[in-house]
Protein chains: 2
Amino acid sequence: MTDDLVERHRALLERAIQAVRTRDYWTPFPESPKTYGDPAAAATEFQARLDSDFTLDQPGTDGTVGGERSPFGFDLGIRYPHAEVDTLLAAAQAGIPAWREAGPDLRAAVCLEILSRLNARTAEIAQAVMHTTGQGSAMALQAGGPHAQDRGLEAVAYAYAEMTRHPATARWEKPAGRGEPLRLDKTFHVVPRGVALVVGCNTFPTWNSYPGLFASLVTGNAVVVKPHPRAVLPLAITVAIAREVLAEAGFDANLVTLAAEAPGERLASVLAQRPEVRIVDFTGSTAYGEWLERNAPQAQVYTEKAGVNTVVVDSTADFAGMCRNLAFSLSLYSGQMCTTPQNLLVPRGGIETDEGHKSVEEVAGGIAAAIDGLLGDDARAVEVTGAIVNDDVLERVESAPSLGEVLLASRAPAHPRFPGAVVRTPVLLRLSADDEKVYGTEHFGPIAFVVATESTEDSLRIFRQTGRSRGAITAAVHSTDESVLAAAEDAAMDVGVALSVNLTGGVFVNQSAAYSDFHATGANPAANACLTDAAYVAGRFRIVQSRRPATV
Amino acid sequence: MTDDLVERHRALLERAIQAVRTRDYWTPFPESPKTYGDPAAAATEFQARLDSDFTLDQPGTDGTVGGERSPFGFDLGIRYPHAEVDTLLAAAQAGIPAWREAGPDLRAAVCLEILSRLNARTAEIAQAVMHTTGQGSAMALQAGGPHAQDRGLEAVAYAYAEMTRHPATARWEKPAGRGEPLRLDKTFHVVPRGVALVVGCNTFPTWNSYPGLFASLVTGNAVVVKPHPRAVLPLAITVAIAREVLAEAGFDANLVTLAAEAPGERLASVLAQRPEVRIVDFTGSTAYGEWLERNAPQAQVYTEKAGVNTVVVDSTADFAGMCRNLAFSLSLYSGQMCTTPQNLLVPRGGIETDEGHKSVEEVAGGIAAAIDGLLGDDARAVEVTGAIVNDDVLERVESAPSLGEVLLASRAPAHPRFPGAVVRTPVLLRLSADDEKVYGTEHFGPIAFVVATESTEDSLRIFRQTGRSRGAITAAVHSTDESVLAAAEDAAMDVGVALSVNLTGGVFVNQSAAYSDFHATGANPAANACLTDAAYVAGRFRIVQSRRPATV
C-alpha cells in the first residue's frame, strides 16, 4: 500500500509546497460547511459518544480519566484511557527506527493520508471542537476542521521541503594536483530527535496542535499528544485516526499516542522533563510557556503564549466599514482568540473619517453600535460569539466593569438550542493612556479597551511598548495617511508582530490563512515560534551523513 | 557602491547556494599556501604587530587588555581595546534598523565582500591563528584562512536561501462565492532577532566562529565577537575588516564589534545574559556550553562542545593504508581537533586484513609504527603536530601514561625555528572494554586508546553508549563486510554522528569540507547545532508581515 500512498498524495504535496512558496490563496480542504454533510446527523452521532468510553488501543493503560463539560451547558461524560508514562514513552520510541527508515516521501504521504481522513471526518470533529471550546458551530467546523487541516498540511510541506533540500546521496570529487582526484560517496540521512510532546489548548485544540503534531511526525519523530483536560475529544479522535493510518501503512501505531491526564497530575510537566522527550509544542499561558522554555533544556520547545493585541486608529476612508470590521473581530468567539484585538488606540483629539471628524466618543460609539447591530438578535448572536470557554473567562468579563468607564456593557444572550450555554457579548471600556496597568496586560475574553492617547505618535509608542513587553499575536492600523502606515509598519517590525492595514471588508485581523499568513512570529514575548516558517520545522530533525571512498 | 556590490558578488552567492544544495566539491578560496604570497613576509609583518596596541575605533573603550602567548614559545604582547558593556551593546543595536532595511541581497553582498577581504589577508590571519592556537603553519593557513572563509560563505548561502524562500510581497485572492474575491496585498519582512554574541574558542578561532558570525550578520543582526583570551588576534583582525567593509557600504561599523575580556571578567556570561543578546554561538567546553544552553533563555543558543570520537576497527582490505590514515588523524595538530578520534575499538580476537589476521597488538603496533614514520623526523613532525595549545592539554598528555598500558609514548620533538615551542606527539594506550571510566570521557589532546572489545558487535555497543552519553563529532569504521558497515551506519544514526567509512587514502576523519560535509549534527551531546544546516540559520531571523486590501 505504501508506494501507492506516495503516488496518491504526490500532487497534493507538491501543490502545498508551491503554495507556501508563493503565499497566494489555496486550500485543498473546502471551508463551506455544506461540504461536510448534514450537521443534524453529526450532532446526533456526537450525542451517542457521550457518557461512554473512548476506546484507544494503546499500551500502558492503567485506568480512565475524563471530566469535559460543554460550554453549551452539559457534561460530556466521556472516559479516556490514562497511560502509565514509562510504558507510553517506551512504546512511542519503539517505532521510530522503522519510521526513520521510511524516509521523507513515505512519511509525508502517511501524514497526508491522516489529514485527508481527518478532513473526511470534519463534521464529527467540529462537534467535538464546539462542545469543548464553546466555538459557534460554523467556526468550530471551519477552524477546527479544514483550517486546522490546512495548518497541518502547511507544516508537512515546510518540513518536507527542508528534509529534501539536498540530495540523499552525493559524489564529492576534489582535484588533487596531478594525482587522481579524491572521490567520496556521501549519504545524508534525515534523523529525528526522538519523542515529541504536543500540549494542546482549551480554545483551539486542533488548529493549534496540528502544526506541531504533523511537523514532528513527518520529520520522523513519535508524537505524544497531551490534550487540555477540557478539550480532549477533538485530539482523541485525531490520535485514533493517525494510529489507524500508521498501522495500515505498516508502521507502529504507537508513533502517535494520547496522554490524557488525571486531575492534578501535571502530566505536561512530567512528560516535558523526560529525557526521551526532545521536542515540545505548547499553546497556552505565558507563565507555563515560559516555564517550559526554561525547564526542558533537553528539548526544542516551541511556544505560543499570551499577548496584547493593538489596533492603532488614526483615520479612515470608511468609518462604517471600520466599525463593522472591528465589531466582528471583537465579537467572534467572544474574543477568545489569541488574535482578538484588545487595545483600540484613538487620539484624544479624535480622527478624520469619510463621515467627517469623529471624537473618541464617536469612534467608540460607532464600534459599540456595530457590535449591537451584529449581536442584537440573540439567535444570530450566539452563532458569532459561541459560548464562554471556562469559568476564568467568565469571571474576567463579569468583573471587567471595574477596569474603566463602560462604553458598552456585556450581555448574556439566551441560546435557542442550548439553554445552559454560557454566552457573553463583548464589554467595551474607555481608558486613558495613563492606564497602562490595565491595558498593558492581557484580559483574555470579550473585553476590549478604547484608549484615548495623546496622538497617533503616542499610540505607536504605546503599541511598541506593550508589544515588546507583553508580546502580541496581531496588530492593526487604520489610516488614510501613507506616512502613518509606514510608521506603523516600522513599529510592527520593531515589535515583531504581523500588521493588518485598513481592514474594512470581509477579512478580519483575527484571521490567519495557512500557506500565506505567518501566524505569530517568534519575535516577541507572545510566542517563541511561528506557524509555520522554516525555523519551526528545521530543528525537528538532524542530518547524519556517512562517506566512503568512491569505488569508481 | 552598494548596487555595485550586489552585482559583483551575485554569481558567487548563486554558486555557493548551488554547492550547498548539490553538496559536491567546490570552493572559491584556494587552499594552496602558494596562493597567499610569501610566508616569510607574512611572518615579518606579524612580528611587527607584537608588543603594541591593536587599534579598533569602537565605542565604550575603557582601557586595554591582552596576554596572549604563542604556543611556539613567546608572548604576543598585543593590547586590545576593552569595551564597557552598556555602551557596546547600545552601539551594536543602533545600526540594526538600517541593516534590516538593507534587505537580504545587500546584506549578503556585504558579507561576501568581508569574506573576500578576509581571503585577501589570509597570510596575515594564518600567522595570527598559528601563534594563538599552536597549529602548524600550513594548517593555520588552510583551516584558519580559506576553510574558515568557506564555512562563513556556506552560512551566508544557507541563510540567504532561507530568507528568500518566499517572495517579499504576494497577492492573495480568495474566491467569495458570487461576490468579488477577497484581495490582499502582503509584504513579508525579514526581521533580525537583535544582538548576536559569538564566543570564540582557543583552537579554531576563525573556523568555528565564522559560521555563527556570518549567519547572524547576514540575517540582519549585529554581532559582538568575544574571542577566547588566548586567541584574540585572528578575530580582532576579522572584526576590523568587517567594520571597514560595513562603513564603506554606508552601514554602522558597530554592527560588528570586538569584546576582548579582562582576566576573570567572565565576559561571555555577562553578555550572554543581557536582554539585548538574542543569539549566542559558542564553541568550547561541555560544562560551559551546557551552562549557556540553560542560562540564556532569552537567546537562541548554538553550541559545539566536547565529544568522544570512536573508530570501530572490524577488518580492512588495506592494513597499511588504514594505519597510515589513522596515524595522521591522531597526529594532526597534536590531536587538538574536536574531530580527532580518541577510541580505537578492536575486537580482542584481532581482525582480518589484506596482510592476514592481525592481533590487537599487531593493529596497535601498525598504527604506532605509522605514527613513528610520520613523526620520526622532528622538523617534519612539528609541521604536522604544531604546538600544544595550552597548559591543560600539556598536563593531560604528560599524565596520560597513568591511564593504561602505554603502546606508544609521547615525544617532545624540538622545533627547528621556535626553540620555545611546546610540541608533543600522540600517546597511544591500551585499554579493555571494562575501562569505560577512562575511554568514556574526552581526553582532549594527543591521547588515544586502543580498546580491546569482545567483538565488533561489542565495539558498536560501546560506540553507541559513549556517543549517546558523551556525544561525538566524528566516527569512523573500517570493515570489508557490508553487513558490519550497515550496522555501523545504523549505530551512527542512533548516536547522531557523521560516519567515515574505510578511509585509507588522502581524506581523514578529522576533515570536514564546507558545502558538502555537515560538521557535528546537533543530535548528540557534543553539539546542539550543525555547521551548517537549515536549523542553524532559520532561527536567526523572523518574518514579520503586513497585509492590506488590494486596490486593484
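As shown above, the structure is provided for reference.
Residues numbered from 1 in each chain as written. Chains lettered and ligands numbered in written order. Predicted model: local features only at pLDDT ≥ 70, side-chain atom pairs only at ≥ 80, totals over all residues. Heavy atoms only, no water.

Draft legend 1. View of the interface of chain B and chain A. Every contact between the two is made by 73 residues of chain B and, on the other side, 73 residues of chain A. With both sides pooled, the region where chain B packs onto chain A buries about 6100 Å², and carbon together with sulfur makes up 54% of that total. The interface formed by chain B and chain A holds 14 salt bridges in total. The salt bridge partner of aspartate 517 of chain A is lysine 186 of chain B, with a shortest N-O separation of 2.7 Å. Applying the counting rule to chain B against chain A returns 40 residue pairs in polar contact (both at pLDDT 80 or more). With eight residues, the single largest contributor to the side of chain B that touches chain A is strand S21 (residues 541-549) of chain B. A per-class count over the side of chain B that touches chain A returns 33 nonpolar, 17 polar and 23 charged. Here strand S21 (residues 498-501) of chain A runs beside S21 of chain B; their pairing, made up of two bridges, is parallel. Looking across to S21 of chain B, one finds that leucine 499 of chain A is bridged to serine 546 of chain B. (Contact = heavy atoms within 4.5 Å. Buried area = accessible area lost by both parts, 1.4 Å probe. Salt bridge = Lys/Arg side-chain N within 4 Å of Asp/Glu carboxyl O. Polar contact = N/O pair within 3.5 Å; in protein donor to acceptor, adjacent residues only side chain to side chain. Helix = DSSP H or I, 4+ residues; strand = E, 2+ residues; numbered from the N terminus. Nonpolar A, V, L, I, M, F, W, Y, C, P; charged D, E, K, R; others polar. Pairing = 2+ DSSP bridges.)

Draft legend 2. Structural context of the environment of leucine 408 of chain B. Residue and element names in this part refer to chain B. Assignment of secondary structure puts leucine 408 in strand S16 (residues 405-408). Taking the C-alpha atoms as reference, leucine 408 lies 9.6 Å from threonine 425; in sequence the two are 17 residues apart. Beyond its immediate sequence surroundings of up to four residues, leucine 408 is in contact with Ala368, Ile371, Asp372, Pro426, Val427 and Leu428.

Draft legend 3. Expanded view of the packing of aromatic side chains. Residues and elements named next belong to chain A. Evaluated as defined, the whole model comprises 26 aromatic pairs over all chains. When the ring of tyrosine 210 is compared with that of phenylalanine 214, the centres are 5.8 Å apart and the planes differ by 85°; the resulting orientation is edge-to-face. With tyrosine 210 and phenylalanine 214 both in helix H8 (residues 210-218) and four residues apart, this pair spans about one turn of that helix. On the accessibility criterion, tyrosine 210 (0% relative accessible area) is buried. Geometrically, the ring pair formed by tyrosine 302 and tyrosine 536 is edge-to-face, given 5.3 Å between the ring centres and 70° between the ring planes. Of this pair, tyrosine 302 sits in strand S11 (residues 300-304) while tyrosine 536 sits in helix H19 (residues 534-538), and the two are 234 residues apart along the sequence. (Phe/Tyr/Trp six-rings, centres within 6.5 Å; stacked < 30°, edge-to-face > 60°. Buried < 20%, exposed > 50% of the residue type's maximum accessible area, 1.4 Å probe, protein only.)

Draft legend 4. Representation of the nonpolar core. In this structure, Val110 and Phe463 of chain A together with Val110 and Phe463 of chain B are the most contacted members of the largest nonpolar core, which totals 315 residues. In contact with phenylalanine 463 of chain B, not counting residues within four places along its chain, are Thr310, Val312, Leu345, Ala475, Ala488, Ala491, Ala492, Val495 and Val497 of chain B. (Core = buried A, V, L, I, M, F, W, Y, C linked by side-chain atoms within 4.5 Å.)

Draft legend 5. Spatial organisation of the relation of the copies chain B and chain A. When chain B is fitted to chain A, the residual RMSD is 0.0 Å, and the transformation amounts to a turn of 180° plus an axial shift of 0.0 Å. Taken together, the rotation and translation describe the operation of a two-fold axis. By C-alpha distance to the rotation axis, the residue of chain B lying nearest is alanine 535 of chain B, at 3.2 Å. The fraction of interface residues of chain B whose copies in chain A are also interface residues reaches 100%, indicating that both copies meet through the same surface. (Least-squares fit on C-alpha atoms with pLDDT ≥ 70 in both.)

Draft legend 6. View of the sheet that holds strand S8 (residues 222-226) of chain B. All names here are of chain B. Strands sit in the order S9-S8-S7-S10-S11 across an open sheet of five strands; the sheet is parallel. On the outer flanks of this sheet lie strand S9 (256-258) and strand S11 (300-304), each paired with one strand and no other. Across this sheet, the average inter-strand angle for adjacent strands is 15°, counted without regard to direction. Bridge count for S8 against S9 is three bridges, and the pairing is parallel. Following the sheet pairing, valine 223 is matched in S9 by valine 256. Helix H8 (residues 210-218) contacts strand S7 (195-199), S8, S9 and strand S10 (277-283) of the sheet and is inclined by roughly 160° relative to S8. Seen against the sheet, helix H9 (residues 233-248) touches S8 and S9 and runs at an angle of roughly 150° to S9. (Axes fitted to C-alpha atoms, helices over the stretch in contact; angles between N-to-C directions.)

Draft legend 7. Local environment of helix H12 (residues 319-331) of chain B. Residues and elements named next belong to chain B. An ideal rise of 1.5 Å per residue puts 18 Å on 13 residues; H12 measures up with 18 Å between its terminal C-alpha atoms. The element H12 is extensively covered by neighbouring structure, given that ten of its 13 residues are classed as buried. Taken as a whole, H12 has its buried residues at Phe319, Gly321, Met322, Cys323, Asn325, Leu326, Ala327, Ser329, Leu330 and Ser331. (Expected span 1.5 Å × (residues − 1).)

Draft legend 8. Expanded view of the sheet that holds strand S15 (residues 351-353) of chain A. All names here are of chain A. Taken in spatial order, the three strands of this open sheet run S13-S15-S16, and their pairing is mixed. Taken across any chain shown, the strands that pair with only one partner, and hence form the sheet edges, are strand S13 (315-316) and strand S16 (356-358). In this sheet, S15 lies alongside S13 in parallel orientation, the contact comprising two bridges. By the bridge assignment for S15, serine 315 is matched with glutamate 352.

Draft legend 9. Region of the structure containing the pairing of strand S10 (residues 277-283) of chain A. Residues and elements named next belong to chain A. The buried fraction of S10 is high, at six of seven residues. One ladder, built from five bridges, connects strand S7 (residues 195-199) with S10; its direction is parallel. Across the sheet, valine 199 pairs through a bridge with phenylalanine 282, a residue of S10. With five bridges connecting them, S10 and S11 associate as parallel partners. Its bridge partner being in S11, isoleucine 279 is matched across the sheet by glutamine 300. Assessed by its sense of winding, the connection that carries the chain from S10 through helix H11 (residues 286-295) to S11 is right-handed. (Right-handed = clockwise from strand over helix to strand, strands pointing away.)

Draft legend 10. The pattern of salt bridges, seen in detail. All names here are of chain A. Per the stated rule, a full pass over the model turns up 74 salt bridges over all chains. Of the charged contacts in the structure, one is a salt bridge between arginine 79 and aspartate 53, with a shortest N-O distance of 2.7 Å. Within this pair, whereas arginine 79 is found in strand S4 (residues 79-83), its partner aspartate 53 is found in the loop between helix H2 (39-49) and strand S1 (61-66), the two being separated by 26 residues in sequence. In this structure, a network of salt bridges that share partners links the residues Asp4, Arg8, Glu113, Arg117, Glu244 and Glu248.

Draft legend 11. Representation of the environment of leucine 255 of chain B in the model. Residues and elements named next belong to chain B. Topologically, leucine 255 is positioned in the loop between H9 and S9. By relative accessible area, leucine 255 is classed as buried at 0%. Excluding anything up to four places from it in sequence, leucine 255 contacts Ala92, Gly95, Ile96, Trp99, Leu217, Ala222, Val223 and Leu246.

Draft legend 12. A look at the pairing of S8 of chain B. Residue and element names in this part refer to chain B. S8 sits mainly inside the fold: five of its five residues count as buried. Taking every second residue as pointing to the same face, both faces of S8 are buried, with Ala222, Val224 and Lys226 on one and Val223 and Val225 on the other. A crossover connection joins S7 to the parallel S8 through H8; in handedness this β-α-β unit is right-handed. Tracing the backbone out of S8, into H9 and back to the parallel element S9 gives a crossover that is right-handed.

Draft legend 13. Structural view of the packing of helix H5 (residues 122-133) of chain B against H9 of chain B. Residues and elements named next belong to chain B. In contact at an axis separation of 8 Å, H5 and H9 are set at 150° when each is read in the N-to-C sense. By the angle between their directions, the pair H5 and H9 is classed as roughly antiparallel. Contacts from Glu124, Ile125, Ala128, Val129 and Thr132 in H5 reach Leu233, Pro234 and Ile237 in H9. In terms of residue class, the contact of H5 with H9 is built from six nonpolar, one polar and one charged. (Parallel < 35°, antiparallel > 145°, perpendicular 65-115°, else oblique.)

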